[in-house]
Amino acid sequence: MEYLLHLLILICFYTMLSQSLNLAAGYTGLVSLAQAGFYGIGAYTTAILSVNYGWPFWANLPVAMLLSGGVAYLVSLIALRTVEDYFIICTLGIQVIIFSLMNNLMNVTRGPLGIPAIPAIHVFGMSLDSKLLFLSICVAFAALIWFVLKNISRSGFGKTLIAISEDEIYSQSIGKNVYGAKLSLSH
């Protein structure tokens, strides 16, 4: 049963990641290979703040989101100046750089050894140390992300992303801020 719960938790994690990739690649046509790097920045930020500084998960989460989003924003300022295959190559290079930093900064990330003894998440005073409780919060986050991205895709911004995917030059010619839409999508 523990193994099945572990697999369901991983499925939730990958569902959340694939939903964000669907917004970028599916709707806009931006195939970014740096998603895992930004995910890793958020994960390491949360783990380091929990283990080294004793911060609770709910305080770590916004900090990790801001740091990961900030790095993604800085990267997008450069990467979005490229097009098509060059964009993919640029984001692949960024992914390799982020992975190399995480793997080789032994004093910060412990490299391939990982960070041990990450404390359990607490919700309303209840510890989510069992896999079933942790799965429930993972499902809730996956559902929340699905709901938000569904509404984004149906909004005017979502229609702009679809227009960019279909014909970027035409989208610019009718007054859509293509670079601004891509920039806001990247973080």
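To start, this report covers the structure provided alongside it. If you're wondering where the values come from, they're calculated on a predicted model, not measured in any experiment.

## Comments concerning the overall build of the protein
Consideration 1: Looking only at helices and strands, the protein features nine helices and two strands.
Consideration 2: Counted from the first residue to the last, the protein has its helices and strands arranged as α-α-α-α-α-β-β-α-α-α-α.
Consideration 3: In terms of overall dimensions, the protein has C-alpha extents of about 55 × 35 × 30 Å along its principal axes.
Consideration 4: Here the protein holds 187 residues, and the buried ones make up 33% of them.
Consideration 5: A separation of at least 24 residues holds for 66% of the contacts in the protein among residues at least 6 apart in sequence.

## Quick look at helix 1 (residues 2-28)
Consideration 1: Between its first and last C-alpha atoms helix 1 spans 38 Å; for 27 residues at 1.5 Å apiece the expected length is 39 Å, and the two agree.
Consideration 2: Its maximal kink placed at Asn22, helix 1 deviates by approximately 35°.
Consideration 3: Residues Leu5, Ile9, Cys12, Met16, Gln19, Leu23, Ala24 and Thr28 constitute the buried set of helix 1.
Consideration 4: In the stretch just after helix 1, Gly29 is the one whose phi turns positive, near 85°.

## Structural notes on the state of the cysteines
Consideration 1: Taken as a whole and judged by the stated rule, the model has zero disulfides.
Consideration 2: Not part of a disulfide, Cys12 finds its nearest cysteine sulfur in Cys138, a span of 5.4 Å.

## Quick word on the side chain of Asn60
Consideration 1: By secondary structure assignment, the location of Asn60 is in helix 3 (residues 57-79).
Consideration 2: Of note is the side chain of Asn60, whose polar atom sits 3.3 Å from the backbone oxygen of Thr46.
Consideration 3: Of note is the side chain of Asn60, whose polar atom sits 2.6 Å from the side chain of Ser50.
Consideration 4: Excluding residues within four positions of it along the chain, Asn60 makes contact with Thr46, Leu49, Ser50 and Trp55.

## Re the nonpolar core
Consideration 1: Core analysis: the largest hydrophobic core is formed by 13 residues, its most contacted members being Phe38, Ile94 and Ile98.
Consideration 2: Of all the secondary-structure elements, those providing two or more residues to this core are helix 2 (35-53), helix 3 and helix 4 (84-104).
Consideration 3: The contacts of Phe38, once residues within four sequence positions are left out, are Ser68, Val71, Ala72, Val75 and Ile98.
Consideration 4: Core analysis: the next-biggest nonpolar cluster, separate from the first, contains six residues, Leu149, Leu161, Ile164 and Ala181 among them.

## Observations concerning a nonpolar patch on the surface
Consideration 1: A contiguous nonpolar surface patch, about 420 Å² in accessible area, is contributed by Met1, Leu4, Leu8 and Ile11.
Consideration 2: Relative to the assigned elements, Leu4 resides in helix 1.
Consideration 3: For Leu4, a relative accessible area of 47% translates into the label partly exposed.

## Comments concerning the packing of aromatic side chains
Consideration 1: Tallying each qualifying case throughout the model produces three aromatic pairs.
Consideration 2: Ring geometry for Phe13 versus Phe134: centroids 6.2 Å apart, planes at 80°, classification edge-to-face. Taken together, the positions of Phe13 in helix 1 and Phe134 in helix 6 (residues 131-154) put the pair 121 residues apart, joining distant regions of the chain.
Consideration 3: Residue class for Phe134 comes out partly exposed when judged on its relative accessible area of 22%.

## Focus: unusual backbone geometry
Consideration 1: We note that Arg110 has phi near 65°; this positive angle belongs to a residue other than glycine.
Consideration 2: Positionally, Arg110 belongs in the loop between helix 5 (106-109) and strand 1 (122-123).
Consideration 3: One non-glycine residue, Ala117, lies in positive phi territory at about 60°.
Consideration 4: Structurally, Ala117 is set in the loop between helix 5 and strand 1.
Consideration 5: Relative accessible area serves as the criterion here: at 70%, Ala117 is assigned to the exposed category.

The rules behind each value
- Residues numbered from 1 in each chain as written.
- Predicted model: local features only at pLDDT ≥ 70, side-chain atom pairs only at ≥ 80, totals over all residues.
- Heavy atoms only, no water.
- Helix = DSSP H or I, 4+ residues; strand = E, 2+ residues; numbered from the N terminus.
- Buried < 20%, exposed > 50% of the residue type's maximum accessible area, 1.4 Å probe, protein only.
- Contact = heavy atoms within 4.5 Å.
- Expected span 1.5 Å × (residues − 1).
- Bend = angle between axes of the 7 residues up to and from the residue.
- Disulfide = S-S within 2.5 Å.
- Polar contact = N/O pair within 3.5 Å; in protein donor to acceptor, adjacent residues only side chain to side chain.
- Core = buried A, V, L, I, M, F, W, Y, C linked by side-chain atoms within 4.5 Å.
- Patch = residues over 30% accessible without salt bridge, like charges linked within 9 Å, V, L, I, M, F, W, Y side chains within 5 Å.
- Areas by Shrake-Rupley, 256 points an atom, 1.4 Å probe, with all protein chains shown as cover.
- Salt bridge = Lys/Arg side-chain N within 4 Å of Asp/Glu carboxyl O.
- Phe/Tyr/Trp six-rings, centres within 6.5 Å; stacked < 30°, edge-to-face > 60°.

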